[in-house]
Amino acid sequence: QVQLVESGGRLVLAGDSLKLSCAASGRSLANYATGWFRQAPGKEREFLTATNGYITEYVDSVKGRFTISRDYAENTLYLQMNSLKPEDTAVYYCAASVRIQSIRDAKPTYWGQGTQVTVSS
């Protein structure tokens, strides 16, 4: 079992940067593919990025602005978000699964509880 807890979400201004954290416990993230999703009000949960330590992928809407990274010593997943836009406003979720395809398919084994990011213009 893996427990995931996100933090770092808050209200920011357009153009600002923000770094989200996803602390894992139970097992090492090194054994899993990990990713980030977001869900805006009235919309479906959206895949943003995933990595398994060898492959890293981003959707076009965040490519060049968001960076996923992992700190194995801290057993923590991060999402660095730059040049934030009002349309980035959403609840952000981290996820982990044995297979990266499960994350691409939005069917990971483990989900965090989410952290709210609000970008004001």
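One can find the structure itself at the top, above this paragraph.
Here the structure is a predicted model, which is why all the values come from computation and not from measurement.

Calculation criteria
- Residues numbered from 1 in each chain as written.
- Predicted model: local features only at pLDDT ≥ 70, side-chain atom pairs only at ≥ 80, totals over all residues.
- Heavy atoms only, no water.
- Disulfide = S-S within 2.5 Å.
- Helix = DSSP H or I, 4+ residues; strand = E, 2+ residues; numbered from the N terminus.
- Buried < 20%, exposed > 50% of the residue type's maximum accessible area, 1.4 Å probe, protein only.
- Contact = heavy atoms within 4.5 Å.
- Phe/Tyr/Trp six-rings, centres within 6.5 Å; stacked < 30°, edge-to-face > 60°.
- Pairing = 2+ DSSP bridges.
- Axes fitted to C-alpha atoms, helices over the stretch in contact; angles between N-to-C directions.
- Polar contact = N/O pair within 3.5 Å; in protein donor to acceptor, adjacent residues only side chain to side chain.
- Salt bridge = Lys/Arg side-chain N within 4 Å of Asp/Glu carboxyl O.

Visitor: Just checking my understanding: could you explain the state of the cysteines for this structure?
Guide: Covalent bonding between the sulfur atoms of two cysteines defines a disulfide. If you walk through the whole model with that rule in mind, you get one disulfide. The partner cysteine of Cys-22 in its disulfide is Cys-94, sulfur to sulfur 2.0 Å. When the S-S torsion is 60°, as for the bridge of Cys-22 with Cys-94, the disulfide is right-handed. Linking Cys-22 in strand S3 (residues 18-25) with Cys-94 in strand S9 (residues 90-97), this pair joins segments that are 72 residues apart in sequence. As far as burial versus exposure is concerned, Cys-22 and Cys-94 are alike and both buried.

Visitor: Even after reading the chapter, I still don't get the environment of Tyr-93, so can you show me in this structure?
Guide: Relative to the helices and strands, Tyr-93 is located in strand S9. The buried category is assigned to Tyr-93, whose relative accessible area is 12%. Expressed as a C-alpha distance, the spacing of Tyr-93 and Arg-45, which sit 48 residues apart in the sequence, is 9.0 Å. Contact partners of Tyr-93, with chain neighbours within four places excluded, come to Glu-6, Gly-35, Trp-36, Phe-37, Gln-39, Arg-45, Trp-111, Gly-112, Gln-113 and Gly-114.

Visitor: Hey, could you run me through the packing of aromatic side chains in this one?
Guide: The description of an aromatic ring pair uses the distance of the two centres, along with the angle that the planes make with each other. The final tally for this structure, using the stated rule, is four aromatic pairs. Centroid distance Tyr-32 to Tyr-110: 6.0 Å. Interplanar angle 85°. Geometry classified as edge-to-face. With Tyr-32 in the loop between S3 and strand S4 (33-39) and Tyr-110 in strand S10 (residues 110-111), the pair connects residues that are 78 residues apart, well separated along the chain. The exposure class assigned to Tyr-32 is buried, which follows from its relative accessible area of 6%. Of the residues examined, Tyr-110 reaches a relative accessible area of 15% and is grouped as buried. When the centroid spacing of 6.3 Å and the interplanar angle of 85° are considered together, the rings of Tyr-93 and Trp-111 count as edge-to-face. Placement of Tyr-93 in strand S9 and of Trp-111 in strand S10 is noted, with a sequence separation of 18 residues between them.

Visitor: What exactly am I supposed to notice about the sheet that holds strand S7 (residues 66-71) here?
Guide: Backbone-to-backbone hydrogen bonds pair the strands of a sheet. The strands run either parallel or antiparallel. Within the open sheet, the four strands sit side by side as S1-S3-S8-S7. Their pairing is antiparallel. Whereas interior strands pair on both sides, the edge strands pair on one side only; in this sheet they are strand S1 (3-7) and S7. Averaged over all adjacent pairs, the angle separating strand axes in this sheet is 20°, with direction ignored.

Visitor: Which parts of the structure should I look at to understand the environment of Tyr-72?
Guide: By secondary structure assignment, the location of Tyr-72 is in the loop between S7 and strand S8 (76-81). Tyr-72 gets classed as partly exposed once you look at its relative accessible area, which sits at 43%. Contact partners of Tyr-72, with chain neighbours within four places excluded, come to Leu-29, Ala-30 and Gly-53. Here Arg-70 takes part through its side chain, which lies 2.8 Å from a polar atom of the side chain of Tyr-72.

Visitor: So what exactly am I meant to see when it comes to the pattern of salt bridges here?
Guide: Pairing is possible between side chains that carry opposite charge, provided their charged atoms lie close to one another. Taken as a whole and judged by the stated rule, the model has five salt bridges. Among the salt bridges present, the one from Lys-63 reaches Asp-60, with a minimum N-O distance of 3.3 Å. Residue Lys-63 is classed as partly exposed on the basis of its relative accessible area of 49%. Accessibility expressed as a relative area gives 65% for Asp-60, which makes it exposed. As a salt-bridge pair, Asp-88 and Arg-65 come within 2.8 Å of each other at their nearest N and O atoms. Taken as a pair, Asp-88 in the loop between S8 and S9 and Arg-65 in the loop between strand S6 (56-58) and S7 lie far apart in primary sequence, 23 residues in all. In this structure Arg-65 comes out as buried when scored by relative accessible area, which is 10%. Taken together, the salt bridges that share partners define one network made up of Arg-38, Glu-46, Arg-65 and Asp-88.

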